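Fold and contact review
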Amino acid sequence: MTRPSACWCGHTELLQFSPHYLRCPACETLVTADMPDQSFTEVKDDEHDFYGREYWFSHQKDDLGFSDITERARNDLPERVLHWLRALLKYKLPPGQVLELGGAHGGFVALLQRAGFDATELELSPWVVEYARQTFDIPVLLGPIEEQQIEPNTLDTIALMDVLEHLPDPLKTMGHCLSLLKADGILLIQTPCYVEGTSYEWMVEQKNPFLEQLKHKQHLYLFSQTSIRELFRRLGAEHLAFEPAMFAHYDQFFAVSREPLANHAPEEIARALSSTPNSRMVLALLDLDGSKRQIGDRLSDAEADRAERLKIIQRLSRELAAAEADRAARLNVIRSQSKEIGRIPGLEAQIAASQATVQQLQEKLSRREQEITMLENKRIIKLLRRAKLLKDAPAAQPKDLFEVNYEAIREPKKPVGIGYNPTVIENIISGLQGHGYTVEDYAIDIAGYRDYYTQAAYDQKYPNYYRPVIWEKSLEHYIAAQLLALQPDDVYIDIASEGSPVPEIYSRLYGSNSYRQDMIYPAGLNDHMIGGDAGDMPVPDGFASKMALHCSFEHFEGDADMRFFREIGRVLRPGGAVCIVPFYLFDQYAILTDPEVSVPQGVPFESDAVVYCRRGWNNRHGRFYNPDNVIKRLSNNLNGLTMKIYKITNAKEADPRCYAEFAALITKPAGTA
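Below: a short report on this structure. (Residues numbered from 1 in each chain as written. Predicted model: local features only at pLDDT ≥ 70, side-chain atom pairs only at ≥ 80, totals over all residues. Heavy atoms only, no water.)

Re the packing of helix 3 (residues 77-91) against helix 4 (residues 107-115)
Where helix 3 meets helix 4, the axes come as close as 10 Å, and the angle between the chain directions of the two elements is 50°. Taken as axis vectors, helix 3 and helix 4 run oblique relative to one another. The two elements helix 3 and helix 4 meet at a crossing, and its hand is right-handed. Across the interface between the two elements, L77, V81, L82, W84, L85 and L88 of helix 3 pack against G107, F108, L111 and L112 of helix 4. Class assignment of the residues belonging to the contact of helix 3 with helix 4 gives a composition of nine nonpolar, one polar and no charged. (Axes fitted to C-alpha atoms, helices over the stretch in contact; angles between N-to-C directions. Helix = DSSP H or I, 4+ residues; strand = E, 2+ residues; numbered from the N terminus. Parallel < 35°, antiparallel > 145°, perpendicular 65-115°, else oblique. Left-handed = near helix turned anticlockwise from the far one by under 90°. Contact = heavy atoms within 4.5 Å. Nonpolar A, V, L, I, M, F, W, Y, C, P; charged D, E, K, R; others polar.)

Below, the structure is given as structure tokens:
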């Protein structure tokens, strides 16, 4: 092995990244410092060559701690193989010619065949070739792709799962693969993802999972998304779409082609897989996998809710312990004084009062624990029913905490959440049109959103940020960035930012000078943090050019929404804009709340609003404007600014669980003070 003289891109001035890797500053690829010769990938002796038989047994189990090839032949089918197939069907439907490079046991090729593709595998090891043939009864080619007798322009898809990083000359091999594809053929690739800008020292300090991919003897090139784009740009394949990777904490997964990529709808895929008995079985497997994912998401939500309720128990326990300590301290003082001045009735009354206070706290904690246990049991029962693991209904329960607090909410009220349907949407739009608003359709660029998600590095940089709803949160961030058309010379304020990663993402991706505002921050302007009321920000006139509110404007209580709209005109520069997404609208003026939160905190609601009470929402206030109140509360406070309302038409194409329906863009005309 020798130290490489250049990166695959030709750049020669490589920088030290880690003990065994160099970094190319030109394309942001990590290059092994111990580059083998071109014959490294050949398998002439299956017992001793690196990629021979033992690579799939002792190397996997003893060196890497993974399952060997026989275990993976079973375990991969219901997991990664279905994940890969789901992505492939988005771009290519059967029938079609598919070749998988380095498919090991052959499970992916076997499933592709049953889905209706004419699929073949290619492997370097004679032993693996024979194993795949016997295990899944599939055709397998032996040797490097460059040595195969395959006619150019004949294949529809070539799949490389965890192969690209092993290639000694990725530019040459990928070029050859593209020459075998039809003009609209695709490469489907999974490979480790180096997040450019992160250092080896930072990875070690954070115990980043990408460290597992620094296997310098076999992972010769570790690509960033920038270097992936550059690799295929040089090869004339510039149509590239990143898909969610199964192991997103260290992998990237994408499709690339020389022509624009297709995007088949779920209905098209279902029709294509309903033509034969085998393909119908594959469709059923995909449906089952989808159900499993939904149950996993629900369980994640339940676990997050359980963790929050546990925090409540722990807080009450700390309060009880503090009260008990205070009572004991007071009792000691009283006893000390009693020795000097005798038994004074007033002091005895203080002792009795302290004991009564402790008793009340103990009773309160006991009730809270019972309520939390009851709610947790109901949630588990609900999840089990959805999973069809529980059929019999539990015995009737006494009124729970939600029901008790719901009774305290004033009329008019409803014990349900707020939902949209076509009639509600039509009523909203027609009502706005009656007030002179033209509601414009806004279609999300789905490929652009997926590219943004990957470049923002939510999975790598913000793994704990709103994970149960990251698909919706990231989509809101993308929509706002697009509607605002962020530029490097923008001064951006993220309103009600709390712990959002948006300011850092916008600065990194768009070059904007980003600030974050929230009433929970220390008061005043502190570096890039603005503390205080969004309706009275401690910043000069004309301070910002762009602002956005992501799922936060609805939480502005009382007159805070109107005061903020008046404040926009002062803070914005001429030509500046504010985006609100989602912009929550309804066909009646409504406030959404969770009585378990709002009633103990005494939250007031406007008298003309219907109060919708949603169990388990865990928020005190969410305002939904009807068309009349858009005018009354918002338009009447614009003071010369303009507001455009958008109907988001395809949020569920980004993810079926996305729920954003409307967005608003408020603009301060150029030339105004």
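Structural notes on the sheet that holds strand 2 (residues 21-24)
In space, the four strands of this open sheet follow the order 1-2-3-9, with antiparallel pairing throughout. Each edge of the open sheet is held by one strand with a lone partner, namely strand 1 (15-18) and strand 9 (221-223). Strand-to-strand twist in this sheet, taken as the mean axis angle between neighbours without regard to direction, amounts to 30°. The pairing of strand 2 with strand 3 (residues 29-32) spans four bridges and is antiparallel. Each residue of the ladder has a partner; that of L22, found in strand 3, is V31. (Pairing = 2+ DSSP bridges.)

Notes on the sheet that holds strand 12 (residues 413-414)
Pairing in this open sheet of four strands is mixed, and the strands run 12-21-20-22 from one edge to the other. Where the open sheet ends on each side, the last strands, each with one partner, are strand 12 and strand 22 (622-624).

Quick look at the nonpolar core
In terms of nonpolar packing, the biggest core is built from 52 residues, with I493, M547, F553, F564, F565 and F583 touching the most fellow members. In this view, M547 contacts L484, Y492, I493, I495, M537, I568, V571, L572, A577, V578 and C579; residues no more than four positions away in its chain are not counted. (Core = buried A, V, L, I, M, F, W, Y, C linked by side-chain atoms within 4.5 Å. Buried < 20%, exposed > 50% of the residue type's maximum accessible area, 1.4 Å probe, protein only.)

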